[in-house]
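One letter stands for each residue in the lines below.
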Amino acid sequence: MKFDLSALDADSLFIALIGYLIVFISLVLLYFIFDNLPRVLNLLKRMAASNEKLKENPPVSSKRNVPGEVNAAIATSLHLYFSEMHDEEFTKLTINKVSRNYSPWSSKIYSVMRSQMMNK
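Given the structure is predicted, the values throughout are model-derived calculations rather than measurements.

A few points about the overall build of the chain
- On a plain count of helices and strands, the chain comes out with 3 helices and 0 strands.
- Ordering the α and β elements of the chain from the N terminus gives α-α-α.
- Burial statistics for the chain: of 120 residues in total, 0% are counted as buried.

Here it is in structure tokens:
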């Protein structure tokens, strides 16, 4: 049985082309939907959380006049607090070479070398 190209007319090719385009476009759209779904869900979650937060704590007017001395005292106390959190460490690296004739890692090779020297 041989494939006959003469049996294909323009209408059947057009229908096949439209079918392939519909499937391809739907696959591309599904890819973009599933690729962006976590971002959309995170955005909705953040929006819901911010709405809940605004309901619990309404925004306070930012027109409070705080004197500069108070701001300086707060900044100084924060600086002192965060500088106390980290200790100053002075690193001094010392390397001492220790020579050992025996170690668990070289015990077999050490005995092999010794037996070869004794055989000579």
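From this point, the discussion proceeds with the structure in view.
Some remarks on the packing of aromatic side chains
- As enumerated under the stated definition, the model contains 2 aromatic pairs in all.
- Pairing Tyr31 with Phe32 gives two aromatic rings, centres 5.4 Å apart and planes at 65°, and the pair type is edge-to-face.
- Accessibility expressed as a relative area gives 51% for Tyr31, which makes it exposed.
- Phe32 gets classed as partly exposed once you look at its relative accessible area, which sits at 47%.
- With a centroid separation of 5.3 Å and an interplanar angle of 65°, the aromatic rings of Tyr81 and Phe82 are classed as edge-to-face.

Some words on the confidence of the model for the chain
- Of all residues in the chain, 71% have pLDDT values of 70 or greater, and the mean over the chain is 79.
- When mean pLDDT is taken per element in the chain, helix α1 (residues 10-56) scores highest with 91 and helix α3 (residues 107-119) scores lowest with 58.

A look at α1
- For α1, with 47 residues, the first-to-last C-alpha span of 67 Å sits near the 69 Å given by 1.5 Å per residue.
- Bending of α1 peaks at approximately 40° at the position of Leu37, with proline Pro38 no more than four residues after it.

The rules behind these values
- Residues numbered from 1 in each chain as written.
- Predicted model: local features only at pLDDT ≥ 70, side-chain atom pairs only at ≥ 80, totals over all residues.
- Heavy atoms only, no water.
- Helix = DSSP H or I, 4+ residues; strand = E, 2+ residues; numbered from the N terminus.
- Buried < 20%, exposed > 50% of the residue type's maximum accessible area, 1.4 Å probe, protein only.
- Phe/Tyr/Trp six-rings, centres within 6.5 Å; stacked < 30°, edge-to-face > 60°.
- pLDDT = per-residue confidence, 0-100.
- Expected span 1.5 Å × (residues − 1).
- Bend = angle between axes of the 7 residues up to and from the residue.

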